[in-house]
Amino acid sequence: MAPSPTGLLHIGTARTALYNWLFARHHGGTFVLRIEDSDRTRSSQEYEENILDGLRWLGVEWDEGPEVGGSFGPYRQSEKLARYREVVDGLLARGLAYPCFCTPEELAQRRKEMQKQGLPPRYDRRCRALSQEERERLIAAGKPHAVRFAVPDDGSVAWNDLVRGEVEFENNALDDFVLMKADGFPTYLLAVVVDDHDMRISHIIRGEDLISATPRQLHIYGAMEWPRPEFAHIPLILAPDRSKLSKRHGATAISEYREMGYLPEALANFIALLGWSPGDDREVMTKEEMIEAFSLEGIGKSGAVFDIEKLNWMNGVYLRRLTPEEYVARARPFLEKAALVGRACPRPPVDDQYITKVLLLEQERAKTLGELVDLVAFFFKRPESYDEKGERKWFKREGAAELLAAAEKKLASLEPFSVEQIEAAVRGLAEELGLKAGPVIHTIRLAATGRTKGPGLFELLEVLGKEEVLVRLAAAREYVQKAAE
RNA sequence: GGCCCCAUCGUCCAGAGGCCUAGGACACCGGCCCUUCAAGCCGGAGACGGGGAUUCGAAUUCCCCUGGGGCUACCA
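The rules behind the values
- Every chain's residues receive numbers from 1 upward, in the order its sequence appears when written.
- Each chain is given a letter, starting from A, and each ligand a number, starting from 1, according to the order in which they appear as written.
- Only residues with pLDDT of at least 70 are given local features in this predicted model, and only at 80 or more are side-chain atom pairs given and counted; all residues enter the totals for whole chains, interfaces and linings.
- Values shown for side chains rest on all heavy atoms present in the structure; no hydrogens or waters enter the calculation.
- Secondary structure elements are defined from DSSP: runs of H or I of at least 4 residues count as helices, runs of E of at least 2 residues count as strands, and each element is numbered from the N terminus.
- For every residue, the accessible area obtained with a 1.4 Å probe (protein chains only) is divided by the maximum for its type, and the residue is called buried under 20%, exposed over 50%, and partly exposed between those limits.
- Lys and Arg are tallied as positive, Asp and Glu as negative. Neither His nor the chain termini are counted.
- We count a salt bridge whenever a side-chain nitrogen from Lys or Arg sits within 4 Å of a carboxyl oxygen from Asp or Glu.
- Any pair of N or O atoms that falls within 3.5 Å is considered a polar contact. Within protein, one atom must be able to donate a hydrogen and the other to accept it, and sequence-neighbouring residues count only if both atoms are side-chain atoms.
- The contact criterion used is simple: two residues touch if any of their non-hydrogen atoms lie within 4.5 Å.
- For this purpose, a residue is taken to be near a molecule or strand whenever a single non-hydrogen atom of the residue falls within 4 Å of it.
- Polar here means any residue other than Ala, Val, Leu, Ile, Met, Phe, Trp, Tyr, Cys and Pro, which are nonpolar, and Asp, Glu, Lys and Arg, which are charged; Gly is therefore polar.
- Pairing of aromatic rings covers Phe, Tyr and Trp, the last counted by its six-membered ring, and requires centre-to-centre distances within 6.5 Å; plane angles under 30 degrees mean stacked, over 60 mean edge-to-face, and any other angle means tilted.
- Only when the NZ of Lys or the CZ of Arg is both within 6 Å of the ring centre and within 35 degrees of the ring normal is a charge said to sit over the ring.
- In this analysis, strands are considered paired if DSSP registers two or more bridges between them.
- The definition of a right-handed crossover adopted here requires that, viewed with the strands pointing away, the path from the first strand over the helix to the second runs clockwise.
- Geometry is summarised by axes, namely lines fitted to C-alpha atoms with helices restricted to the contacting stretch, and by angles between N-to-C directions that run from 0 to 180 degrees.
- Buried residues of nine kinds, namely Ala, Val, Leu, Ile, Met, Phe, Trp, Tyr and Cys, make up a nonpolar core once their side-chain atoms join them within 4.5 Å.
- Domain start and stop points were drawn from an automatic or database domain assignment.

This part is about the side chain of Glu64. Take Glu64: it is sitting in the loop between helix 2 (45-58) and helix 3 (81-93). It is Arg34 that comes nearest to the buried, bridge-free Glu64 among opposite-charge side chains, at 9.1 Å. A polar atom in the side chain of Glu64 sits 2.6 Å from the side chain of Tyr75. With sequence-adjacent residues up to four places away left out, Glu64 is seen in contact with Thr30, Phe31, Val32, Leu33, Gly69, Gly70, Phe72 and Tyr75.

Here it is, written out as structure tokens:
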């Protein structure tokens, strides 16, 4: 797996890494990570860290690569420039590659003209025709140049793609592609081949967007007389409009999902299923199960739309399966980040026990840890307003203020302030008022939380504590009375 | 435009000639449970892009069309 650090770890890249990892684990192979930083203008340390962090967070551990080492390093292309130079010089010496003195500006200009004439925009190979003397003269004169691969005029290249089957490209459809840029950095095409060979890579599993890079890579293997690895091109992850998923479609970085409160195991599980299936109807699977079931045959050929709804569902499943301890440990940082913990509500004291109770009360409802923050906010902050619809339905009712006053009185005398006691009190109150339990419960809920939805009322009130409940009930009562005037 | 790839419910997958009156999951709709929401349970609606061909028989094989996507840089 060889991501280039020119952006945050993308969902697609993460899935490719996951497939590589599952494949390696399934077959007892070695999963190699390499940083493809051959574009020095776009690569950055920050992105590299984001990628490494993201992969580790997802549980995709590499056996060889940056930070862990290995016997076939370096694992960063910027650190092995001399090696690429050596390969290029060999190709140059054998006439399989040639220096090109055309400037990027000239090339762009010619491309534009060809397009205008309705021709495919290709390199005209003019530097291929230069004589040896001319080349030496230009090089001696210090003219900057790139090195291009001399693609044969006819014939074709083909390979048996492990996902797609037989794929073939005609040579005459191929440009004389650049192997080394004028700045001495290799292009992707050269670097991957050299690295894959040096690192003894047996299988290359990558996105379909690189399928057209394959014939050119194959030519380099041929020219170097190196054994070819196997190729498997997996379909792309699509946006809802079925185009390649990109930033304009919303969150595409793994780190963004992490920040939103998705669990790594849920995200990994979901992403794995985008384009792969174990062959049966299993969906929620552990890493071990996926490793066991993984095969390239199980990978589909068509692009998969990233459906956030299903991810949300799956995240909810994982959230609910967490043990209380794990769940609280993972959720807490989100509360802290939202500054809910540590500030606000005077009573009861916001301590570990309180936080745990609050969190557990909402475990079933949250789809993400980020969403959880909103769900539990009222446990830390008194309601500043009341749900509009709820207000119309419960507060504008005849006798709402009286109901709240009666509830205050009744709850004030409870000892202990427990679920059972509260339930008995509230139900008793309904009876006294000649009402069904529903209206009473809903009115109290709105008063205590500002909301119409949430955990069971009795449980919620117990956690909030008597004192706090009474304060809120009084505030709501006053609010209702004032609104009635 | 050229080259390459793809084509089953709205979405993700199952299906590798008869087991398919096409199965599962998300979403959607209805019901149950119930103090609300959520969860859970039960049920419903919903697809083989079109046309040829091969075959006793095609979602599954072949061809054409159509549609979608990717690539087309001294990016990767």
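From this point, the narrative continues.
It is worth spelling out the protein's contact with RNA strand B at this point. Within the structure, RNA strand B sits among 63 residues, and Cys102, Arg164, Lys181, Glu283 and His442 are positioned closest to it. Restricting the count to atoms of RNA strand B within 4 Å of the protein gives a sugar and phosphate share of 72%. In the environment of RNA strand B, a base oxygen lies 2.9 Å from a nitrogen or oxygen atom belonging to the side chain of Arg445. Taking Leu457, its main chain carries an N or O atom lying 3.4 Å from a base nitrogen of RNA strand B. Here the surface near RNA strand B takes four residues from helix 11 (residues 308-321), the largest share from any one element. Looking at the surface near RNA strand B, its residues break down into 22 nonpolar, 15 polar and 26 charged.

Another point: the packing of aromatic side chains. Counted according to the given criterion, the structure contains 13 aromatic pairs. Seen in terms of ring centroids, Phe395 and Tyr479 are 6.4 Å apart; in terms of plane orientation they differ by 55°. Their pairing is tilted. Residue Phe395 is located in helix 15 (residues 388-395), and its partner Tyr479 is located in helix 20 (residues 466-484); the two are separated by 84 residues in the primary sequence. Its relative accessible area of 35% is what places Tyr479 among the partly exposed residues. Through pairs of rings, three or more aromatic residues link up here, namely Tyr257, Tyr262, Phe270 and Phe306. Here the basic side chain of Arg148 rests over the ring of Tyr123, its NZ or CZ set 3.6 Å away from the ring centre.

Take Thr6: it is sitting in the segment before helix 1 (11-26). Sequence-wise, Thr6 and Leu411 are 405 residues apart; in three dimensions their C-alpha atoms are separated by 60 Å. Beyond its immediate sequence surroundings of up to four residues, Thr6 is in contact with Arg42, Ser43 and Tyr47.

Turning our attention to the pairing of strand 6 (residues 203-207). Taken across its five residues, strand 6 has four buried, putting it largely inside the fold. Where strand 6 and strand 7 (residues 230-234) come together, five bridges link them in parallel fashion. Bridge pairing in strand 7 places Ile204 opposite Phe231. Crossover connection from strand 6 via helix 7 (residues 214-224) to parallel strand 7: handedness right-handed.

Read across the open sheet, the three strands follow the order 1-2-5; overall the sheet is antiparallel. Across the chains shown, the open sheet's two edge strands, defined by having one partner strand only, are strand 1 (97-100) and strand 5 (178-180). On average, each strand axis in the sheet is inclined to that of its neighbour by 40°, with strand direction left out of account. Here helix 3 sits on the sheet and contacts strand 1, strand 2 (146-149) and strand 5; the angle it forms with strand 5, its principal contact strand, is near 125°.

Of all hydrophobic cores here, the largest spans 110 residues; its most connected members are Trp276, Phe379 and Leu461. It is helix 1 that provides the largest number of residues to this core, a total of nine residues. Counting 30 residues, the second largest nonpolar core, distinct from the first, contains Leu179, Met180, Leu189 and Tyr221.

It is worth spelling out the domain arrangement of chain A at this point. Per the domain assignment, the segments of chain A are domain 1 (97-234), domain 2 (322-379) and domain 3 (388-484). Measuring from the centre of the C-alpha atoms in domain 1 to the corresponding centre in domain 2 gives 55 Å.

A word on unusual backbone geometry. In the segment running from Gly73 into Pro74, the intervening peptide bond is cis, with an omega of 0°. Checked against the element boundaries, Pro74 lands in the loop between helix 2 and helix 3. Backbone geometry at Arg200 places phi at a positive 55°, although glycine is not the residue there. Relative to the helices and strands, Arg200 is located in the loop between helix 6 (188-198) and strand 6. Here Arg200 falls in the exposed class, since its relative accessible area comes to 59%. We note that Glu225 has phi near 60°; this positive angle belongs to a residue other than glycine. Here Glu225 is to be found in the loop between helix 7 and strand 7. According to the relative accessible area criterion, Glu225 is exposed, its value standing at 68%.

Once that is clear, we can look at the environment of Gln45. Its place among the elements puts Gln45 in helix 2. Classification of Gln45 as exposed rests on a relative accessible area of 52%.

This next bit is on the pattern of salt bridges. Taken as a whole and judged by the stated rule, the model has 39 salt bridges. With a closest N to O distance of 3.4 Å, Arg34 and Asp195 form a salt bridge. Taken together, the residues Arg34 in the loop between helix 1 and helix 2 and Asp195 in helix 6 connect sequence positions 161 residues apart. Residue Asp195 is classed as buried on the basis of its relative accessible area of 0%. Measuring nitrogen to oxygen at the nearest pair gives 2.6 Å for the salt bridge that ties Arg330 to Glu265. Here the residue Arg330 occupies a position in helix 12 (residues 324-337), and Glu265 occupies one in helix 9 (residues 264-272), the gap between them amounting to 65 residues. Given a relative accessible area of 27%, Arg330 falls into the partly exposed group. Taking the relative accessible area as the measure of exposure, Glu265 reaches 22% and is therefore partly exposed. One network of salt bridges, with partners in common, ties together Arg34, Glu36, Lys80, Arg83, Glu86, Asp195, Asp196 and Asp198.

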